[in-house]
Amino acid sequence: MALQALTGDSDDLEELLQRVIPNQDYLCNPDRSPSLPWDRFAAWVHCICVVGFDLELGQAVEVIYPPHAKLSDKEKTSICYLSFPDSNSGCLGDTQFCFRIRQSSNRRNSLDCLLDQYDRDAPVYLKKDSAHYYGYVYFRQVRDKTLKRGYFQKSLVLLSKLPYVNFFHFLLKLIAPEYFDKSEPCLEAACNDIDCWPAPIPGKALNLPTMGIVIKVRIPTLQDKPGATQIIQSEDEIDTQVSFALPNIHEVDLFRCFCPIFFHIQMLWELVLLGEPLVVMAPSPAESSETVLALVCCVSPLKYCSDFRPYFTIHDSEFKEYTTRTQAPPSVILGVTNPFFAKTLQHWPHIIRIGDMKPAGVYTSYKTFLSRDEEIIKQVQKGIQQKRPSEAQSAILRRYLLELTQSFIIPLERYVASLMPLQKSISPWKSPPQLKPFSEEEFMKTLEKAGPQLTSRLKGDWIGLYRQFLKSPNFDGWFRSRWKEMTQKLEALHLEALCDADLLMWIQKHTEVEVVDLVLKLKEKLVQAKQHCLPIKQNTLEKLQMHIEAIILSLPEDLQSILLKNGTT
């Protein structure tokens with residue numbers, strides 16, 4: 001019987017040999033660290049910009065470091081406007097906040113392949129953003145009579161694809177004040193420090209020296225229990241420098257963000273889960289950006305798949321797209337500070353006002369699908385009365401939201417897992433079996449016996465919430481990710497079946513054309529397994545390589561030499 005999964009109908013040996021796969025030097029080795037100059041820097045940071053204020057030009061990028069870092073004119077313009085608070089914010093002194101912009105073009109290079117390897121063990125909400133940059137800003141505005149404007153105004157902006165909010169804000173607290181005092185040599189030294197850092201590999205205790213201290217961090221992994229990340233320190237480690245252990249790299253202070261509106265915490269969870277348009281109106285970019293990030297992490301460990309802008313201004317390139325009245329507001333969360341938005345976005349269905357934006361509250365006609373959980377309200381209120389620390393209040397809110405999201409997503413996970421074919425149906429002699437299609441009605445039938453009521457005390461219209469969720473970008477993103485994972489698992493199981501098959505027996509019964517076709521197809525599968533980071537053991541890949549070599553050696557010498565050249569093994 002022919003290997004239907006691998007061999008085609010071609011009977012032309014010359015045509016087959018044209019398909020010999022060249023040597024793939026660029027294949028990723030997950031154990032390799034970046035080694036070229038600035039590779040280690042680029043694994044963490046795209047670039048650091050200095051944005052100043054010019055009386056004639058307005059905001060302008062004064063320095064980009066490293067100098068070879070590429071930014072389009074559109075990206076530079078966005079950075080200029082987003083790195084300064086709106087004039088009405090009145091931010092005197094030092095202010096930290098963050099923004100998020102679309103990357104102008106997808107400039108992938110050989111380093112990106114390696115970074116994808118590091119990323120694969122990270123939780124979905126901590127993976128690098130393939131289409132956006134995060135801008136972490138340290139802004140300083142102080143009176144200076146020697147300047148025409150009367151003020152010194154400057155921002156240090158760190159641009160990265162990584163959503164490590166806590167970590168990069170902490171890093172900027174070390175770098176920015178020194179830079180404002182000592183200028184460029186200090187910035188160059190900090191960048192050189194970063195270029196000596198180990199790669200951002202999840203699960204490892206990382207020591208990151210900069211500015212005379214060592215920052216100790218650990219990036220969570222997929223296997224970690226959410227909220228349980230701790231610094232791991234080896235017993236024989238001897239500190240020779242001042243060090244600081246950062247408890248987490250990404251979590252914002254949920255209680256501080258939601259304190260004025262915590263009565264609506266459950267409704268906000270539903271709005272974010274369903275990808276509803278939300279705008280946060282705040283007095284400063286620090287408050288707007290932190291609140292938007294808090295909303296996004298409401299649905300963790302689910303990834304929020306719509307767009308979100310922690311700080312959004314009227315100069316933003318998407319301003320018209322997001323404020324038009326000719327169509328329904330898009331699925332996006334915006335953080336704004338300019339009072340102009342109170343009129344421009346008054347048609348939006350869900351508006352959150354915080355801080356000095358009186359009166360604070362959530363303005364919406366939305367009716368929740370689930371009944372309000374009075375227990376969490378009482379728990380937080382009790383904490384306020386007892387002056388419980390903000391960190392403890394945040395931990396209570398984070399645990400509540402995590403359990404609520406898990407109760408919601410577990411039935412979906414269970415149903416989607418049932419779409420996977422049985423392992424016994426996977427044969428080396430056939431193409432990998434297909435996943436069963438997702439059926440909304442079939443899923444709804446599973447909820448009666450295996451729905452969220454098993455893990456959540458909340459009552460309400462769970463079915464209605466699921467139906468609405470299935471129409472949302474969050475479901476689309478989650479399901480695409482699961483589908484890809486399961487398809488890759490099937491490919492990996494099929495490769496394992498091939499490795500266990502007696503291929504040498506098979507080739508004895510087939511023509512040279514079919515055997516050459518088999519070699520090329522096996523090699524192609526090997527390349528794809530490495531490129532796509534299939535969940536497969538290294539010894540399985542090595543075994544497949546040995547199969548290929550053994551098959552080639554069974555062929556006539558002239559064919560062997562053709563198949564062995566150009567690095568085909």
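See the structure shown above.
Residues numbered from 1 in each chain as written. Predicted model: local features only at pLDDT ≥ 70, side-chain atom pairs only at ≥ 80, totals over all residues. Heavy atoms only, no water.

Peer 1: Let's hear about the overall build of the protein: which residues, and what values?
Peer 2: Across its full length, the protein holds 20 helices and 13 strands. Counting only contacts in the protein whose residues sit at least 6 apart along the sequence, the fraction spanning at least 24 positions is 73%. Of the roughly 27,600 Å² that the protein leaves accessible, carbon and sulfur atoms contribute 51%. (Helix = DSSP H or I, 4+ residues; strand = E, 2+ residues; numbered from the N terminus. Contact = heavy atoms within 4.5 Å. Areas by Shrake-Rupley, 256 points an atom, 1.4 Å probe, with all protein chains shown as cover.)

Peer 1: An account of the sheet that holds strand S4 (residues 132-143) is requested, with residue identities and associated values reported.
Peer 2: In space, the 5 strands of this open sheet follow the order S2-S1-S5-S4-S3, with antiparallel pairing throughout. Unpaired on one side and paired on the other, strand S2 (58-65) and strand S3 (93-102) mark the two borders of the sheet. Strand-to-strand twist of the sheet, defined as the mean angle between neighbouring strand axes without regard to direction, takes the value 25°. Pairing between strand S1 (residues 47-54) and S2: 7 bridges, direction antiparallel. Each residue of the ladder has a partner; that of Phe53, found in S2, is Gln59. (Pairing = 2+ DSSP bridges. Axes fitted to C-alpha atoms, helices over the stretch in contact; angles between N-to-C directions.)

Peer 1: Tell me about empty space enclosed by the protein, and please be specific about residues and values.
Peer 2: With the rule as written, the count across this model stands at 2 cavities of 30 Å³ or more. Considering only enclosed or pocket space, the largest cavity measures out at about 80 Å³ in volume. Around the largest cavity, the lining residues are Ala43, Leu115, Tyr118, Asp119, Ala122, Lys128, Leu162, Tyr164, Pro200, Pro202 and Ile219. Its residues assigned to classes, the lining of the largest cavity comprises 9 nonpolar, no polar and 2 charged. (1 Å grid on protein atoms, 1.4 Å probe; cavity = no way out; pocket = protein on both sides within 12 Å on 5 of 7 lines; lining within 4 Å. Points joined across faces, edges and corners; volume = space filled by probe spheres on them. Nonpolar A, V, L, I, M, F, W, Y, C, P; charged D, E, K, R; others polar.)

Peer 1: Provide a residue-level description of the environment of Phe408, including the pertinent values.
Peer 2: For Phe408, the position within the fold is in helix H13 (residues 390-417). If we ignore the near neighbours within four places in the chain, the residues touching Phe408 are Trp269, Leu273, Trp462, Leu465, Tyr466 and Phe469.

Peer 1: Hey, could you go over the pattern of salt bridges for me, with residue numbers and the actual values?
Peer 2: Close approach of charged atoms lets side chains of opposite charge pair. All told, the structure shown has 23 salt bridges when counted by the stated rule. The partner of Arg309 in a salt bridge is Asp307, and the shortest N-O contact between them spans 3.0 Å. Residues Arg309 and Asp307 agree in their burial class; the two are buried. (Salt bridge = Lys/Arg side-chain N within 4 Å of Asp/Glu carboxyl O. Buried < 20%, exposed > 50% of the residue type's maximum accessible area, 1.4 Å probe, protein only.)

Peer 1: A description of helix H15 (residues 462-469) should follow, citing residues and the corresponding values.
Peer 2: Those residues of H15 not exposed but buried are Trp462, Gly464, Leu465, Tyr466 and Phe469. Against helix H8 (265-273), H13, helix H14 (440-450) and helix H16 (473-500) lie the buried residues of H15.

Peer 1: Can you tell me about the sheet that holds strand S6 (residues 205-210), naming the residues and giving the values?
Peer 2: Taken in spatial order, the 3 strands line up as S6-S7-S8 in an open sheet, and their pairing is mixed. With partners counted over all chains shown, the strands left at the sheet margins are S6 and strand S8 (242-245), one partner each. Neighbour to neighbour, the strand axes of the sheet diverge by 25° on average, direction disregarded. Looking at chain direction, S6 and strand S7 (residues 213-218) are connected through 6 bridges and run antiparallel. Following the sheet pairing, Leu206 is matched in S7 by Val217. Set on the sheet, helix H5 (residues 165-182) makes contact with S6, S7 and S8; between it and S7 the angle comes to about 180°.

Peer 1: Please provide a residue-by-residue account of the pairing of S6, values included.
Peer 2: Here is the key point about a regular strand: its side chains alternate between the two faces of the sheet. Every second residue of S6 is oriented toward a common face, the buried set being Leu206, Leu208 and Thr210 and the non-buried set Ala205, Asn207 and Pro209. In sequence, S6 turns back onto S7 through a hairpin of 2 residues, with Met211 there showing a positive phi of about 50°.

Peer 1: Outline the packing of aromatic side chains, listing residues and values.
Peer 2: Applying the stated rule across the entire model yields 39 aromatic pairs. Between the aromatic rings of Tyr138 and Phe180, the centroid separation amounts to 6.2 Å while the plane-to-plane angle is 45°, which identifies the pairing as tilted. With Tyr138 in strand S4 and Phe180 in helix H5, the pair connects residues that are 42 residues apart, well separated along the chain. For the residue pair Tyr138 and Phe180, the accessibility class agrees, reading buried in each case. Pairing Phe408 with Phe469 gives two aromatic rings, centres 5.0 Å apart and planes at 90°, and the pair type is edge-to-face. Of this pair, Phe408 sits in helix H13 while Phe469 sits in helix H15, and the two are 61 residues apart along the sequence. Overall, Phe469 belongs to the buried group, its relative accessible area being 0%. Cluster of aromatic residues (ring-pair linked, three or more members): Trp269, Phe408, Tyr415, Phe438, Phe443, Tyr466, Phe469, Phe475, Trp478, Phe479 and Trp483. (Phe/Tyr/Trp six-rings, centres within 6.5 Å; stacked < 30°, edge-to-face > 60°.)

Peer 1: I'd love a proper account of the packing of H14 against H15, names of residues and values included.
Peer 2: H15 packs onto H14 with a crossing angle of 150° between their chain directions and a minimal axis gap of 11 Å. Taken together, the axes of H14 and H15 lie roughly antiparallel to each other. In terms of crossing hand, the pair formed by H14 and H15 is right-handed. Side by side, H14 and H15 meet where Glu440, Glu441, Phe443, Met444 and Leu447 of the first sit next to Ile463, Tyr466 and Arg467 of the second. When grouped by side-chain class, the residues that make up the contact of H14 with H15 number 5 nonpolar, no polar and 3 charged. (Parallel < 35°, antiparallel > 145°, perpendicular 65-115°, else oblique. Left-handed = near helix turned anticlockwise from the far one by under 90°.)

Peer 1: Give me the lowdown on the pairing of S1, citing residues and values where you can.
Peer 2: Most of S1 sits inside the fold, with 6 of its 8 residues counted as buried. Alignment of S1 against strand S5 (residues 151-160), held across 6 bridges, turns out to be antiparallel. Bridge pairing links Cys47 to Leu159 in S5.

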